[in-house]
Amino acid sequence: MKQKKFLNNNPLNIFILVFLLLILYVIGNNIFYLSSAYADLPDEINKVQNCKNSKIIDKAISNSNSKDKKKNDNNNNNDNTKQVENFHHIKKFDSNGKLIYSWGIKGVGDGEFLHPHGIGSDSKGNIYVSDAVLCNIQKFDSNGHYLLKFGSRGNGPAEFLQPESIAIDKKDNLFVVDYATEHVQKFDSNGKFITMWGSKGKGNGQFMKPWGIGVDSVGNVYVGDQENPVIQKFDNNGNFIKKWGSYGSKSGQFVHIHDVTIDSNNYVYVTDGRENSRVEKFDSKGKFITMWGSKGTKEGQFIEDHGISVDKSGYVYVVDTRNIRIQKFDSNGDFITMWGSLGCKDNQFLIPHDITIDPKGNIYVSDSGNVHFRENYLCS
């Protein structure tokens, strides 16, 4: 007797098979993302999905802090904090990591965030924050008072799908890089659209998932690209000037560019996260100067170094995202100090992303608070 074939040209059976394959595909993609996106985070952080379950959070914080208690005792004594459900996404510190103030809870209203990422400061000390889910830019004064917001979901002028890093020139024009649309957009300090450039590709002026952006003292704009690991340099209106870099781990090469910043002498600093876990320094023409860092948890090491900023004295501040801390270096990469630990208090972090410095030298850090933010979750 011949066995009956499962399909046997039966439309219902074919439909069931296709449906099962589709489910396996979706589950496989999710498992792959979750196992790789933040695989190196401490085990405790995977339990801190939000700041509502105080028992789980207290245990996670206790376990994390006990490992680095001696290092963080000096920085965790500012206990004027809001706990748990009132987690604040923007944190203001002095140059040595002492908490000054924090603001911005989860929400969709003015001064609230769903996934704050890029952060920048203008010449007056105003702070601008991009939200990769709400698809907007919010402006605050230096004390966290809400001033205005601009941007909406879309692919055109003054629209975003995943706004990431922010850079601000001496005239207080804002430059915002969009990871999803492959655009750079320029605005004035009130959010009025000026111009935009970029398209998907590997040619001059094109991008493949741009993330970092910085502006030098004469207004030139530098953009770091993740899937095409190069730094591109433009004039203030987006006209291409030059580019440098390639994929790899040698001097002047990159694997996963996160952020770009430029100091007062127009030296360019680039955070190269993940495999390389380091900072590279160049002159304004792309000539390699030095680099520091390696993958690890010790002083001067990183696990996913992200945002970077330089103060007027030349000190370099790096957001060490997966180690949940901020590290401070001199301009040659010599370690000075660090602060931060896992938790929901105002002087702690969940997922710190970006960093900026105001004219008075105060440090501002954006913290998404979202442990498993997905790249394909764009402003839904």
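Above this text is the structure in question.
Please read all numbers here as calculations on a predicted model, not as lab measurements.

What the rule picks out here adds up to 8 salt bridges. Between Glu 304 and Arg 322 there is a salt bridge; the shortest N-O distance is 3.3 Å. You can see Glu 304 sitting in the loop between β20 (288–292) and β21 (305–310) and its partner Arg 322 sitting in the loop between β22 (316–320) and β23 (325–329), a full 18 residues away along the chain. There is no split in this pair, since Glu 304 and Arg 322 are both buried. Overlapping salt bridges, with partners in common, bring together Asp 272, Arg 278 and Glu 280 in one network.

What follows covers the environment of Asp 346. Mapped onto the secondary structure, Asp 346 falls in the loop between β24 (335–339) and β25 (352–357). Look at Asp 346 and you get buried, because its relative accessible area is 3%. With 259 residues separating them in the primary sequence, Asp 346 and Phe 87 have C-alpha atoms 7.2 Å apart. A polar contact is formed between the side chain of Asp 346 and the side chain of His 88, at a distance of 3.1 Å.

Within this structure, the stated rule accounts for 24 aromatic pairs. Seen from their ring centres, Phe 93 and Phe 349 are 5.9 Å apart, and the 55 degrees between their planes marks the pair as tilted. Taken together, the residues Phe 93 in strand β1 (residues 90–93) and Phe 349 in the loop between β24 and β25 connect sequence positions 256 residues apart. In terms of burial, Phe 93 and Phe 349 fall into one category: buried. With a centroid separation of 6.5 Å and 70 degrees between ring planes, the pair formed by Tyr 269 and Trp 292 is classed as edge-to-face. Of this pair, Tyr 269 sits in strand β18 (residues 268–272) while Trp 292 is found in strand β20, placing the two residues 23 residues apart along the sequence. Note on Tyr 269: relative accessible area 0%, which makes it buried. Within the aromatic cluster, the residues linked to one another by ring pairs are Tyr 101, Trp 103, Phe 113, Phe 140, Tyr 146 and Tyr 364. The ring centre of Tyr 267 lies 4.6 Å from the NZ or CZ of Lys 281, which sits over that ring. A cation sits over an aromatic face here: Lys 328 above Tyr 315, 4.7 Å from the ring centre.

Right, let's get into the layout of surface pockets. Taken as a whole, the largest pocket encloses approximately 900 Å³ of empty space. Around the largest pocket sit 36 residues that line it, and Ser 121, Ile 168, Ile 262, Val 310 and Ile 357 are the ones nearest its centre. Elements supplying a minimum of two residues to the lining of the largest pocket: β3 (116–121), β9 (163–168), β13 (210–215), β17 (257–262), β21 and β25. Residue composition of the lining of the largest pocket, grouped by class: 13 nonpolar, 11 polar and 12 charged.

What counts as what
- Residues numbered from 1 in each chain as written.
- Predicted model: local features only at pLDDT ≥ 70, side-chain atom pairs only at ≥ 80, totals over all residues.
- Heavy atoms only, no water.
- Salt bridge = Lys/Arg side-chain N within 4 Å of Asp/Glu carboxyl O.
- Helix = DSSP H or I, 4+ residues; strand = E, 2+ residues; numbered from the N terminus.
- Buried < 20%, exposed > 50% of the residue type's maximum accessible area, 1.4 Å probe, protein only.
- Polar contact = N/O pair within 3.5 Å; in protein donor to acceptor, adjacent residues only side chain to side chain.
- Phe/Tyr/Trp six-rings, centres within 6.5 Å; stacked < 30°, edge-to-face > 60°.
- Lys NZ or Arg CZ within 6 Å of the ring centre and 35° of its normal.
- 1 Å grid on protein atoms, 1.4 Å probe; cavity = no way out; pocket = protein on both sides within 12 Å on 5 of 7 lines; lining within 4 Å.
- Points joined across faces, edges and corners; volume = space filled by probe spheres on them.
- Nonpolar A, V, L, I, M, F, W, Y, C, P; charged D, E, K, R; others polar.

So yeah, pure geometry; function would need other evidence.
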